[in-house]
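Inside the fold
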Amino acid sequence: MTGPVYESDHASVLAAGRKVTEFADQVFTRLPRADQRRWAAAYLLGLLAVSGRKSVRSLAAAVTDSPTASQSMHRFVNSSPWEWQPARAELTRWTEQRLRPTAWTVGTAVVPKRGNQSCGVHRRFDPVAGRSVNCQVATGLFLAAGRVQIPVDWRLHLPREWSDERLRRRARIPESVQPVPEWVHILDLADTLASALLTPLPLVADLRAYEQPDRLLHGLRQRGHDFVVTVPDTLPVVLPLVNQGGRASHAAPLVSARRFLDAHGEVLRTVMASPHGGAAGAKRIVTAVASLPRGPRAQRFCRLFAEYRADGQGAPALWMTTLVHRPMDELIELAGAHAWTPGALRRMEGRFGLQDFEGRSFPGWHRNVTLVSAACAYSRLAESEPAPTASAGPKAAWPPTAPPVRAGALSAPNQGS
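So, here is what we can say about the structure in this document. (Residues numbered from 1 in each chain as written. Predicted model: local features only at pLDDT ≥ 70, side-chain atom pairs only at ≥ 80, totals over all residues. Heavy atoms only, no water.)

1. Examining a positive patch on the surface
Definition in use: A patch consists of residues whose relative accessible area exceeds 30% and which take part in no salt bridge; residues with like charges are grouped when within 9 Å of each other, and nonpolar side chains (Val, Leu, Ile, Met, Phe, Trp, Tyr) when within 5 Å. Surface accessibility in these figures is a Shrake-Rupley result with a 1.4 Å probe; residues are shielded only by whichever protein chains are displayed. Salt bridge, as applied in this entry: a Lys or Arg side-chain nitrogen positioned within 4 Å of an Asp or Glu carboxyl oxygen. Neither His nor the chain ends is counted toward charge; the positive residues are Lys and Arg and the negative residues Asp and Glu. All charge positions are set by atom: Lys at NZ, Arg at CZ, Asp at CG, Glu at CD. Under the scheme used here, helices are H or I runs from DSSP no shorter than 4 residues and strands are E runs no shorter than 2 residues, and both carry numbers assigned from the N terminus.
Together, Arg 166, Arg 169, Arg 170 and Arg 360 line one region of the surface with positive charge. For Arg 169, the location among the structural elements is in helix α6 (residues 165–171).

Structure, rendered in structure tokens:
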């Protein structure tokens, strides 16, 4: 196979290619073979350069004229022996250094599929489409700094029917991967993130649509992970009674979180800073200290809070956090982080082809979504340079955020890949 096609006078394209290669060398440094790292860079180049549907054929055509490139790229993603979790750990560290995140959020991606051959595919009601669809469902972890949300890790949901050994062999699902509830995936994501980050971050999420949110909260608490989350009004809590050890005792009866806040809440007035400096106005905040009842040991305190509208109309969202000593304006600002996650998911779908992957295997899905996440991170956080627009033919459609690949670096991968 030939190297990537560049016009001799496109020096900026060459420079952009080198940048993407340098980025790929960092994130995919633990891939065992040099040719795999070069194909990772090529895949990233295609994701960043191609407009419209991101098929393997279109990605390959963006970086080379070779007629066998798409087959080689397909093998790299679907059958080349490399692990995706080390690459995600490197992506997490790279993103943390540049983004300086204040929280992490979770988003649910629904990927429509034709037929029933793709790993994890099942029938599910999609509220966006307003109907039941054949789809894959995945939970993504995003590092967040205000409006900027970068995906760094993923878990693919397997419905119960994917316990069938025939289906699992066909999709090459590891024995260690079993169908579990979504809250278990989030706990796993939290543990993996904690091992990769230099600075611990709280989870910010809306848990009202999740099944068994109390189990997720208890799991986070027991592992020492902080959170700022919207909870159902019916979440059971108790009035904490402090014992001599400084931990909460559960002698008080259970009560719903909404009733608890109504009965024990303290009304605060906190001034929120405006984006342009000065005060944006006073907000009416009601807050109370409560405790979660479940668990083998008494749980530490949590804070419940709600922000009420100035006209007093409507019941506001109810939040719970372990960050009980943070100033209220900081908590309110943190709580807004999850509102930007749906937009980050739409960007992955529209700009980077999250829904376009044509492979059917479990490893292929995870490798593709790792590369898509890396392309998102590079596009948003790496320094961008002006670059030529696409010309006719199969040459790269370089965008302003074109990725790094060395000229002539894309030699054909080994056939075993």
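2. Focus on the pairing of strand β5 (residues 203–206)
What counts is decided by this rule: Between any two strands, pairing holds if DSSP finds at least two bridges. Assignment of crossover handedness uses the view with strands pointing away from the viewer, where a clockwise path from the first strand over the helix to the second indicates a right-handed crossover.
Bridge count for β5 against strand β6 (residues 227–230) is four bridges, and the pairing is parallel. By the bridge assignment for β6, Leu 203 is matched with Phe 227. The parallel pair β5 and β6 is bridged by helix α8 (residues 213–223), and the resulting crossover is right-handed.

3. What to know about the pattern of salt bridges
Heads up, the condition is: Buried, partly exposed and exposed residues are distinguished by accessible area as a fraction of the type maximum, computed with a 1.4 Å probe on protein chains only: under 20%, between the cut-offs, and over 50%, respectively.
Counted by the stated rule, this structure contains twelve salt bridges. Linking Arg 155 and Asp 153 is a salt bridge whose minimum nitrogen-to-oxygen distance equals 3.0 Å. Both residues of the pair, Arg 155 and Asp 153, count as buried. Between Arg 326 and Glu 330 there is a salt bridge, and its shortest N-O distance comes to 3.9 Å. Under the relative-accessibility criterion, Arg 326 is labelled partly exposed at 36%. In this structure Glu 330 comes out as partly exposed when scored by relative accessible area, which is 37%. Residues participating in the shared-partner salt-bridge network are Arg 88, Asp 153, Arg 155 and Asp 188.

4. Notes on the packing of helix α5 (residues 85–99) against helix α7 (residues 182–196)
We apply this condition: Angles here are taken between N-to-C directions and fall from 0 to 180 degrees, while the axes themselves are lines fitted to C-alpha atoms, restricted in helices to the stretch in contact. Each angle receives one of four descriptions, namely roughly parallel if under 35 degrees, roughly antiparallel if over 145, roughly perpendicular if within 65 to 115, and oblique otherwise. Throughout, a crossing is termed right-handed when the near helix is turned clockwise from the far one, and left-handed when it is turned anticlockwise from it by less than a right angle. Residue contacts are counted whenever heavy atoms from the two residues lie within 4.5 Å of one another.
The geometry of α5 relative to α7 is characterised by a closest axis approach of 9 Å and an angle of 60 degrees between their N-to-C directions. One element, α5, and the other, α7, form an angle in the oblique class. Classified by chirality, the crossing of α7 by α5 is right-handed. Residues Gln 85, Ala 89, Thr 92, Arg 93 and Glu 96 of α5 pack against Thr 192, Leu 193 and Ala 196 of α7.

5. Some thoughts on helix α2 (residues 34–49)
Short version of the rule: Here the expected length of a helix is defined as 1.5 Å per residue gap, with one fewer gap than residues.
Its 16 residues place the ends of α2 23 Å apart at the C-alpha level, agreeing with the 22 Å of an ideal helix rising 1.5 Å per residue. For α2, the tally of buried residues reaches 13 of 16 residues, placing the bulk of the element in the interior.

6. Re the nonpolar core
The condition is simple: Side-chain atoms within 4.5 Å link the members of a nonpolar core, which is a set of buried Ala, Val, Leu, Ile, Met, Phe, Trp, Tyr and Cys residues.
Ranked by size, the top nonpolar core spans 102 residues in total, and within it Phe 28, Trp 104, Trp 154, Met 320 and Leu 371 carry the most contacts. The element best represented in this core is helix α12 (residues 362–381), accounting for eleven residues. Counting 14 residues, the second largest nonpolar core, distinct from the first, contains Leu 323, Leu 331, Ile 332 and Ala 335.

7. Structural notes on the environment of Tyr 43
Heads up, the rule is: Under the rule applied, a polar contact is a pair of N or O atoms within 3.5 Å (in protein, one hydrogen donor and one hydrogen acceptor; residues adjacent in sequence only if both atoms are side-chain atoms).
Assignment of secondary structure puts Tyr 43 in helix α2. Taking the C-alpha atoms as reference points, Tyr 43 and Val 56, 13 residues apart in sequence, are found 8.6 Å from one another. Residues contacting Tyr 43, with those up to four places away along its chain left out, are Leu 59, Met 73, Val 77, Phe 357, Asn 368 and Leu 371. A distance of 2.7 Å separates the side chain of Tyr 43 from the side chain of Asn 368, its partner in a polar contact.

That is the geometry; function is a separate question.
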